[in-house]
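Residues per chain, in single letters:
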Amino acid sequence: MTERPSPLPSDDFAPLPPAMPVASFRGKRRTTTDARDENGSPLIPIALSPPVSSPAGTTRATKKTSSSYLRGRKAQRPAQKSLMPFPTNSGPAPPVLTATHARFAVAACRLLNAPKPPGKPKSPAKLDSPPAVGGGSQPNAARARPRDKQKKEKTEGATSPPLWRALEAKRKVVVAETLDYELLGTLPYGASMLTPRMLQEGLLTPDTAYHAWVGAKRAIEKRHGGEWDLASIMNEALRFYLVELGASMLDRVDGPHYTFVDPRLHDDPRAMVKHALRLLRLFAEKGYGRERIVVTIPATEAGVQAAKTLESKHHVQTNLSLVSGLAHAAACAEAGATCLTLCYRELSDACGRKTTSSNPFVRAWDTFSSSPKRLAEEVIQATTAYLNLHELPSAILVANLYGASDAERLGEFDAVVFTADHSLKARAPTPGVPPANAFKVGAPAKRRAHDVQYPTSYLAAKDGGFMSAMPADARTVAGVTLAVGLGAQTKRMFETSMHMLEFIQGEAQLDHLDDIGLGELYDEDDKELNRLNELAADGVDAEPLVPVRWNDVGFRLRCSSWDVPAAYLVGHEESRDDTSARSRSSEGSQLDVGGPR
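In this text the structure is predicted, and so the values were computed from the model without any measurement.

Rules used throughout
Residues numbered from 1 in each chain as written. Predicted model: local features only at pLDDT ≥ 70, side-chain atom pairs only at ≥ 80, totals over all residues. Heavy atoms only, no water. Helix = DSSP H or I, 4+ residues; strand = E, 2+ residues; numbered from the N terminus. Buried < 20%, exposed > 50% of the residue type's maximum accessible area, 1.4 Å probe, protein only. Contact = heavy atoms within 4.5 Å. Areas by Shrake-Rupley, 256 points an atom, 1.4 Å probe, with all protein chains shown as cover. Phe/Tyr/Trp six-rings, centres within 6.5 Å; stacked < 30°, edge-to-face > 60°. Lys NZ or Arg CZ within 6 Å of the ring centre and 35° of its normal. Salt bridge = Lys/Arg side-chain N within 4 Å of Asp/Glu carboxyl O. Pairing = 2+ DSSP bridges.

Explain the overall build of the protein chain here, please?
Looking only at helices and strands, one finds 23 helices and ten strands in the protein chain. Counting the 597 residues in the protein chain, one finds 37% classified as buried. In the protein chain, 72% of the contacts between residues at least 6 apart in sequence involve partners at least 24 apart. Accessible surface computed for the protein chain: about 35,500 Å², of which carbon and sulfur atoms make up 55%.

Help me out: how do you make sense of the packing of aromatic side chains in this one?
Note on aromatic pairs: each is described by the distance of the centres and the angle between the planes. Applying the stated criterion across every chain yields a total of five aromatic pairs. Look at Y386 and Y454: their rings are 6.4 Å apart centre to centre, the planes differ by 75°, and that puts the pair in the edge-to-face class. With Y386 in helix α16 (residues 372–389) and Y454 in the loop between α18 (443–451) and α19 (472–511), the pair connects residues that are 68 residues apart, well separated along the chain. For Y454, a relative accessible area of 37% translates into the label partly exposed. In this structure, K373 is placed above the aromatic ring of Y402, and the distance from its NZ or CZ to the ring centre is 4.2 Å.

Mind showing me how you'd approach the pattern of salt bridges here?
A pair can form between side chains of opposite charge whenever their charged atoms are brought close. Under the definition given, this model contains 15 salt bridges. In this structure, R278 engages E236 in a salt bridge whose closest nitrogen and oxygen atoms are separated by 2.3 Å. Note that R278 is positioned in helix α11 (residues 269–285) and E236 in helix α10 (residues 230–250), a separation of 42 residues in sequence. Here R278 falls in the partly exposed class, since its relative accessible area comes to 23%. Among the ionic pairs, D406 bridges to R409, the shortest N-O distance being 2.6 Å. Using a relative accessible area of 35% as the deciding quantity, one classes R409 as partly exposed.

Quick question: what am I supposed to make of the side chain of S321 here?
By the secondary structure assignment, S321 is in strand β6 (residues 318–321). In this structure S321 comes out as buried when scored by relative accessible area, which is 8%. Non-local contacts of S321, meaning those with residues more than four positions away in its chain, are made with T296, I297, P298, A299 and T341.

Explain the side chain of H257 to me, please; I cannot follow it from the model alone.
Tracing the chain through its elements places H257 in strand β4 (residues 257–260). By relative accessible area, which is 0% here, H257 ends up buried. H257 has contacts with S192, M193, L194, G246, M249, L250, F283, R292, I293 and V294, leaving out every residue within four places of it along the chain.

Looking at this structure, how should I read the pairing of strand β9 (residues 415–418)?
In the case of a regular strand, side chains alternate between the two sheet surfaces. Of the two faces of β9, both are covered, the one formed by A415 and V417 as well as the one formed by V416 and F418. Pairing of strand β2 (residues 173–176) with β9, which is carried by four bridges, proceeds in the parallel orientation. Note on β9: the bridge partner recorded for V175 is V417. Where strand β8 (residues 395–399) meets β9, two bridges bridge the pair, whose relative direction is parallel. Bridge assignment links L397 to a residue of β9, and that residue is A415.

Help me understand unusual backbone geometry in this model?
What you tend to see is this: most non-glycine residues have negative phi, and most peptide bonds are trans. Residue P455 follows Y454 across a cis peptide bond; omega there is 0°. By secondary structure assignment, the location of P455 is in the loop between α18 and α19. The backbone of L322 shows a phi angle near 60°, a positive value even though the residue is not glycine. By the element assignment, L322 lies in the loop between β6 and α13 (326–334). Looking at L322, the relative accessible area reads 1%, which means it is buried.

Structure representation (structure tokens):
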């Protein structure tokens, strides 16, 4: 048997280009160096290097290679002639581009950049849909968008019903916290509330400042023995002013009215009981019985004692405000309070300051990981769930909201307090779909409500000091909530008292003056006015040293006569107006009719 020649190339190896068909690479996946055809040969031919001349002993190795090839074992097939370069790595070989590919690319570029013929304008759905491929029908525009994008478009175009309607559907009462008489007479409020902030703001509006003037006049007329005890007159004037404003709100809103005791008495239970009973007597003189009056008291330890006394002994409805959480609310509910008010702003501030670690980094992480508003919402939800779980008769009010929409996240409360701005926003439709968990209690809040036992032993402490029996976290939140709330209320009551005291002092001074003394005061006012006029003529803007009594009838009669206007007033009309404006701004009072100099 003759020996078959070796398939390896000789020394003069020169591969010739094979006749390769030109094929398009579109749509085909690149082949790797390990890919083989149906005969077992690689799709990308690899040229072998020429062998080196060897001695005659190499014939046996050549026969072994050829016999392996004939038996069909996996071995290297003979190299085919190709134009492909010798590969230097295991990556895929680059595609062969010919002039046909270039002409095809130029034609495709011209086709894509050709101007489109004018036709009918496409609908918005067709404009958003992707172009068809392969001449098929275009997909639906809504089907081509992602599902989350479709949901977003639906929520953007939808509008939910007004919040007020949702509150009425849940049978939640809307309490009016505004002195806007037009809103009080038109919107369907279920109750009205008066706060220290409203008492101060009432002095700046003519319609409500009139009630302050009436209260001060009544207090002066009813002073004991004709003596001018300014402190007692001022306190009585504040009570008259409070009742006058409350009566004006009761005339416009059906349902109960929430008045309040002076927050400066928050640590004196006897004084708070006496103040509450005095307010009820004044409302009774106006024709309003106790069934329509609810007295708001700060939820301090003394305030809880005062509420317990008023509820049990005098049958007075009370509302404990500035309640800070579940344990605090449990103690207030066991005291028998009719209502409990949780203030959202003050509670959020207290939850933001709460910490159990002295490490500043830990406190910063606690504040970052949990929002104070979210913590306050969970506290309010847990409180409402606790009262509903044990069927306690106390009603839950939420007040001091950042916005009207905050009410949807505060759980199963009984009433919400709205200002004028909140009321207008709650009456208008809101964009978007209403949240699915509106007015519901979350799972963490329910667990907290179940973990607290009922009844508690907080009120069994000596001298009513139930704060010390509360947990450390609850005690911290309660302290911050009461401090922030009482600080703001006390400041407003002080400013309102100073305003009323200024008017009372002026009335007392005028009462002690005779005609001669009053004329001397007017002489000093006249001299001050002349000084200001001289400085104004020289171009100097000066402030009055004493307030000139422009509104006093006696001063007007001094500068004019009944039938002939004095030339003095005609020449100084403008300077008088400027001086009067500066005087009123420096006094800060609209009720001054002769205040002290």
